[in-house]
Every structure is written in C-alpha cells, then in structure tokens.
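Coordinate analysis (summary)
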Amino acid sequence: MKRGVCIHGHFYQPPRADPHTGRIAPEPSAAPHPNWNARITDECYRPNAHAAGPGGVSVSNYSSISFDFGPTLLEWLERDARDVYAAVLAADAESVARLGHGNAVAQSMHHAILPLCSPRDRETEIKWGLDDFEYRFGRPAEGIWLPETAADVATLESVAAAGVRFTILAPRQARAVRESGGAWREVDETSLDTSVAYAVRLPSGASIAAFFYDGAIAQSIAFNGALRDGDALGRALAERAVAGSAGSLVHVATDGESYGHHHRFGDIALAYALAAVRATPDVELTNYAAWLAAAPPVHEVQLREPSSWSCAHGVERWRSDCGCAVGATAPGAQAWRTPLRTALDWLRDRVAGFYQEEAGRLVLDPWDVRDGYHGARLRGDAAIGELIRGYQRWALSADEVERMRELLRMQRYALMMFTSCGWFFDAPDDIATIQNLKAAQMAAELFEELSGQPARAELLRRLAGVDTAASVVAAE
Ligand SMILES: [Zn+2]
C-alpha cells in the first residue's frame, strides 16, 4: 500500500450581515476593501483557485487539498464572488472523479462550539451544516469539521448519528489509544502516532473515525514560517511519508487563510508544496474520505474531552477568562466572556420555551421543522411554506404560516448568536462579538414581537460586564 499526504484547509468567515438590513456594514479595519470577506477573498480564496505553481502554471489548490468551507462563507461567496464559489465546487467534483471521494468536508452551520450548545441546538447546527453541504456540493458529506475542532462524546454521538464517517482533530485531543482488543496506552501530542486513522467507539454503540493531524507541521505552517519555502515544505511532507511504514498518512490541518491571508504568497507556497509531493515516487496526494475507504481504522482512541485546537483548557476560551488570547492581556481582562455566554444561554432558553409552546400549537414537531428550516431556506420561500404545511396541525391560514415563518426566523438568530468568534478575541469590542450581540438583539426583538413578553431589558442586565452590549442591544 502506498504512503499518503493530505493537507487540509479550514476556510471560514463568520456571518457579517446586519440582521436588520441583510447587508454587511462597512468594516473600516478591512480597508481598502469594504469588508473582511472581500479582503480575504482577494488575498486567499481567489488566489488559491488559480495559484502560480512551478513553471508559472496556474493550478487550483482546492483540487489537491482536503478542505472545509463554512456555510456562512459559502453563502457570501455564492453571491459576491461567484467565480471562487464555482471553483470550489468544481474542485470537489474533480476530486470525486479522480479519487472516488471528494476533497470537501462539511462544517456545522454557525461555527458554534458544539460541546457548549444545548443538545437540541447541537443537533440543528449539525443538520443545517450537512444540508448546506449536500445542497451546494450535490452529494452527502462523508466528513465534518467541528468548529475549533471542539469535541466531546456528545458531539461525536450527534455527528455519527447524522451519518458522518470522520472528523479531524488536534493531536492533543487524544488521551489513550490501543489496537483493537489490546490494552489502552496513554498518549499526548508528542507520543501519538498521527499517521493512522482511529476509531472512536461511542457509548451508543456507534463509532466514528478521527484523524489527528501532525501538530509540529501544522505549527510550522501557521506560525513558524514554513510557507516561506513551499517546495521545502512539500519535500518535508513527502520525506516523512516515505520514512513511514506502508499505509501511513502524513497529514496536516490549519486555517485555510494561512495560504495567502495570514501569510502573503501562501497560495503560491501551497502550489509548490503540492507539486513537490506529487513529484515524489510512491507517495500520493489524497483526501481523508478516500484514505478512510482504503484503510479503515484498526486502532481505537479515547478523547480528552471537551477539547479543541485553540484553547489548552478544553473549551474555556469560549466561556471564561482562561488566559488564551490573541495578544498580551492582563489577568481578568477576558472576564466578559462568562456573562456573554450565560446571558445568551438565558436568551436561548427563554426563546426555546416560547418556540416549543407557540410553534408546537401550529405544527406537529416544532424541532423537526427547525431542523428542516435551513434546507428549505436554501430552496426558497415556497419550500419553507411547504415545510411548514408538511407538519401543520390543521389547514393553517396564510397568517398562521407567516407566524410560523417568523418563529423560525427567531430561532435562526438564536442559533447564530453563538458563533464562536464572538468569544475568541481579546475584548468584546471586536466586530465578531458585536455581530453575536446583533443576532441576540434580533432574536430578542422577534421574541418580544411574537410573544408580547419582555426580554431585552433582562438580556441587557445579564450582559453587565460586556461593555459593548448597551451599544447594540436596545432595552426597548
Ligand atoms: Zn484556554
């Protein structure tokens, strides 16, 4: 059996449109571009669709790497950068033709930290992400990227139940491994063998494969200048594959934005790296789904949980002052993360209780209807109406259908407000945090309109400590 090399890029941008206007307000920090989506498209997403490889030959890097694109980014590309959107879809189709399995991997809908979601929200985030993938790529997803690779057993149960076969995790998320039937052996990120896939056997009896990427190479790409010499990076990956045993896979996952946005000319470096791997005898460029089909896991793994790739403290970065930050910050400087999380959790529960009661009056299973909402939304207004009528308790009037639409819209914002970026940065004045607050404001506003009960004043009271909240959430 051959040796394989797989480079995975996680491409993602949060929702940026203002909920009231549906448009992205100018983002001056992205100048000279109107907003960050436009800027990063110019620096990264478009260049990777036709990067200048060796000999000046233009290639689509997407055809030769494994990748996931967030649904909120694909929605924007579809409308505002159609050439890039088409190139991403074409690259997946081409990889299916070549390898029998596609390069594209799904992502859950709003980049919420799944272990911190309510069980119901977790299911919906996954369902919407998988529906989005199938609608765009024209095939069901085989794998899923978990936002921030944040995982726990409940999250893996949810994705396995949805029919997903694999995910990609950071090496420090593995706690113990064994060959099937053998004795468990404790591992850490330095002792874990990342060249094989592992099976995670779940309490339900289900199982899902996990690929743990090579942490040292990922680090060198993201932070230590490996993209200054793409050819050398490609040769290093290939040499590591050649040095491994037959059937081993050298693979690495980083933010896709490394290739051109975080690192200028990273797209060209990636093209050179891929060419160097391709030129190495007995090493093949592959993707995870193709590799998994050819070599099902014979090793098992137990996870450290909850865990993620950008917080050493589990998933604390998205709910407490754990010390993880982008820049230097003083102790206590991220205390705002806790009230942001608990206030939005409170709003979610308030909205969910009302939704269950009011939507449950109109339709048979309101949570099934919510699960189907994104797939219907993609197909247009009429499809949403059909979805609602498919579950109606009686022949609903036009007004009642409209009310149900508004209840679903409320739920959409109540999910969107948990986008992980809102907690990631160092202060709550970041545009990502403001965006979450705008979604929360919208969910609360719809709740008040539809229920006649107050929410925003209490939300604002609970957001004390998040000093930007008052500028976004109007008390009435
Ligand atoms: Zn942390």
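This one's a predicted model, so the numbers in the text were calculated from it and none came from an experiment.

1. Considering the overall build of the chain
- In terms of helices and strands, the chain carries 17 helices and 14 strands.
- Its C-alpha radius of gyration of 22 Å places the chain within 12% of the 23 Å reference for a compact globule of 476 residues.
- Expressed as lengths along the three principal axes of its C-alpha atoms, the size of the chain is roughly 70 × 50 × 45 Å.
- Counting every position in the chain, which comprises 476 residues, the buried fraction comes to 58%.
- Considering only contacts within the chain whose residues lie at least 6 apart along the sequence, 71% involve residues at least 24 apart.
- Within the structure as shown, the chain displays about 18,500 Å² of accessible surface, and the carbon and sulfur contribution to it stands at 52%.
- Seen as two clouds, the 46 positive and the 61 negative side-chain charges of the chain have centres 1 Å apart.

2. Points about the coordination of the zinc ion
- The protein atoms that coordinate the zinc ion are Cys-311 (SG), His-313 (ND1), Cys-322 (SG) and Cys-324 (SG), at distances spanning 2.0 to 2.3 Å.
- For the zinc ion, the 4 donor atoms are set out with angles of 103 to 117° between them, so the coordination reads as tetrahedral.
- The sequence pattern formed by the donor residues of the zinc ion is C-x1-H-x8-C-x1-C. Of this pair, Cys-311 sits in the loop between strand 14 (299-303) and helix 10 (337-362) while Cys-324 sits in the loop between strand 14 and helix 10, placing them 13 residues apart in sequence.
- Using a relative accessible area of 2% as the deciding quantity, one classes Cys-311 as buried.

3. Here we look at the domain arrangement of the chain
- As far as domains go, the chain holds domain 1 (3-303) and domain 2 (337-472).
- A separation of 29 Å is found between the C-alpha centroids of domain 1 and domain 2.
- With 31 residues of domain 1 at the contact, the number on the domain 2 side is 28 residues.
- Broken down residue by residue, the surface that domain 1 buries against domain 2 is led by Pro-19, Arg-120 and Trp-128, which jointly contribute 25%.
- Arg-370 serves as the salt-bridge partner of Asp-121, at 3.0 Å between the closest nitrogen and oxygen.
- Run the count over domain 1 and domain 2 and you get 13 residue pairs in polar contact (both at pLDDT 80 or more).
- Broken down by element, the side of domain 1 that touches domain 2 gets its largest block of residues, 11 residues, from helix 4 (residues 119-137).
- Across the side of domain 1 that touches domain 2, the residue classes break down as 13 nonpolar, 5 polar and 13 charged.

4. Structural notes on helix 5 (residues 153-161)
- Along helix 5, the residues that are buried comprise Thr-155, Leu-156, Glu-157, Ser-158, Val-159 and Ala-160.
- On its buried face, helix 5 is in contact with helix 4, strand 6 (143-145), strand 7 (166-169), strand 10 (198-201), strand 11 (207-212) and strand 14.
- Once helix 5 finishes, Gly-163 follows within two positions and takes phi at roughly 95°, a positive value.

5. So, helix 3 (residues 82-99)
- If you check helix 3, its first and last C-alpha atoms are 26 Å apart, about what 18 residues at 1.5 Å a residue would give, namely 26 Å.
- Among the residues making up helix 3, those that are buried are Val-84, Tyr-85, Ala-87, Val-88, Ala-91, Asp-92 and Ser-95. Viewed end-on, helix 3 has its buried residues packed into an arc of 165°, placing them on one side of the element. Exposed residues pointing more than 90 degrees away from the buried face of helix 3 are listed as Arg-82 and Ala-97.
- On its buried side, helix 3 packs onto helix 1 (36-45), strand 4 (66-69), helix 2 (71-80), strand 5 (104-107) and helix 4.
- Backbone geometry just downstream of helix 3 places Gly-100 in the positive-phi region, at approximately 85°.

6. Examining the layout of surface pockets
- Here the largest pocket is characterised by a volume of approximately 1,400 Å³.
- Considering the residues around the largest pocket, the lining is formed by 44 residues, among which Asp-255, His-262, Trp-309, Ser-310 and Phe-424 are closest to the centre.
- At the level of secondary structure, the elements contributing two or more residues to the lining of the largest pocket comprise helix 1, helix 6 (215-222), strand 12 (249-255), helix 14 (421-424) and helix 15 (431-451).
- In terms of residue count, the dominant contributor to the lining of the largest pocket is helix 6 (5 residues).
- Residue composition of the lining of the largest pocket, by class: 20 nonpolar, 15 polar and 9 charged.
- Taken domain by domain, the lining of the largest pocket gets at least three of its residues from each of domain 1 (3-303) and domain 2 (337-472).
- Here the second largest pocket defines a volume of roughly 430 Å³.

7. Quick word on the pattern of salt bridges
- A complete count under the given rule lists 29 salt bridges for this structure.
- A salt bridge links Asp-231 to Arg-235; its shortest N-O distance comes to 3.0 Å. On the criterion of helical spacing, the pair formed by Asp-231 and Arg-235 is a turn pair, its members being 4 residues apart in helix 7 (residues 230-243).
- Using a relative accessible area of 30% as the deciding quantity, one classes Asp-231 as partly exposed.
- For Arg-235, a relative accessible area of 39% translates into the label partly exposed.
- The salt bridge partner of Glu-458 is Arg-462, with a shortest N-O separation of 2.6 Å.

Definitions and cut-offs
- Here, residues in each chain are numbered from 1, in the same order as that chain's written sequence.
- With pLDDT at 70 or above as the cut-off, local features in this predicted model cover only qualifying residues; side-chain atom pairs require 80 or more to be listed or tallied, and sums for whole chains, interfaces and linings still use all residues.
- Only hydrogens and water are removed before side-chain values are computed, so all heavy atoms of the structure are retained for them.
- Per the convention used, a helix needs a DSSP run of H or I reaching at least four residues, while a strand needs a run of E reaching at least two, with both numbered from the N terminus.
- With C-alpha atoms as the basis for the radius of gyration, the globule rule is written as 2.2 Å multiplied by the number of residues raised to the power 0.38.
- Think of it in three bands: with a 1.4 Å probe and only protein chains considered, a residue is buried below 20% of the maximum accessible area for its type, exposed above 50%, and partly exposed in between.
- By definition, residues are in contact when any of their heavy atoms lie within 4.5 Å.
- With residues, only the protein chains shown are counted as cover, and all accessible areas are computed by Shrake-Rupley using a 1.4 Å probe.
- Only four residue types enter the tally: Lys and Arg on the positive side, Asp and Glu on the negative side, with His and both chain ends excluded.
- For charged residues, the charge sits on one atom: NZ in Lys, CZ in Arg, CG in Asp, CD in Glu.
- Water is not part of the atom set, so a site may look incomplete; the donors themselves are N, O and S atoms within 2.8 Å of the metal, or 3.2 Å for Na, K and Ca.
- Under the classification used here, a metal with four donors is tetrahedral if each angle lies between 85 and 135 degrees, square planar if opposite donors are over 155 degrees apart and the others between 65 and 115, a six-donor metal meeting that same test is octahedral, and anything else is irregular.
- Segment limits for the domains were obtained from an automatic or database-derived domain assignment.
- Buried area: the accessible area, evaluated with a 1.4 Å probe, that two parts lose upon being put together, summed over both parts.
- We define a salt bridge as a contact between a side-chain nitrogen of Lys or Arg and a carboxyl oxygen of Asp or Glu at a distance within 4 Å.
- Two N or O atoms form a polar contact when they lie within 3.5 Å of each other; inside protein one atom must be a possible hydrogen donor and the other a possible acceptor, and for residues adjacent in sequence the pair counts only when both atoms belong to side chains.
- Residues are sorted three ways: Asp, Glu, Lys and Arg are charged, Ala, Val, Leu, Ile, Met, Phe, Trp, Tyr, Cys and Pro are nonpolar, and all the rest, Gly among them, are polar.
- Each helix should span, by expectation, one fewer than its residue count multiplied by 1.5 Å.
- When we speak of the arc, we mean the arc of directions from the helix axis to the C-beta atoms.
- Cavities and pockets were defined on a 1 Å grid built from protein atoms only: a cavity is a group of points that admits a 1.4 Å probe but offers it no way out, a pocket is an open group of points flanked by protein on both sides within 12 Å along at least five of seven lines, and a lining residue is one with an atom within 4 Å of any such point.
- Grid points are joined across faces, edges and corners, and a volume is the space filled by probe spheres set on the points.

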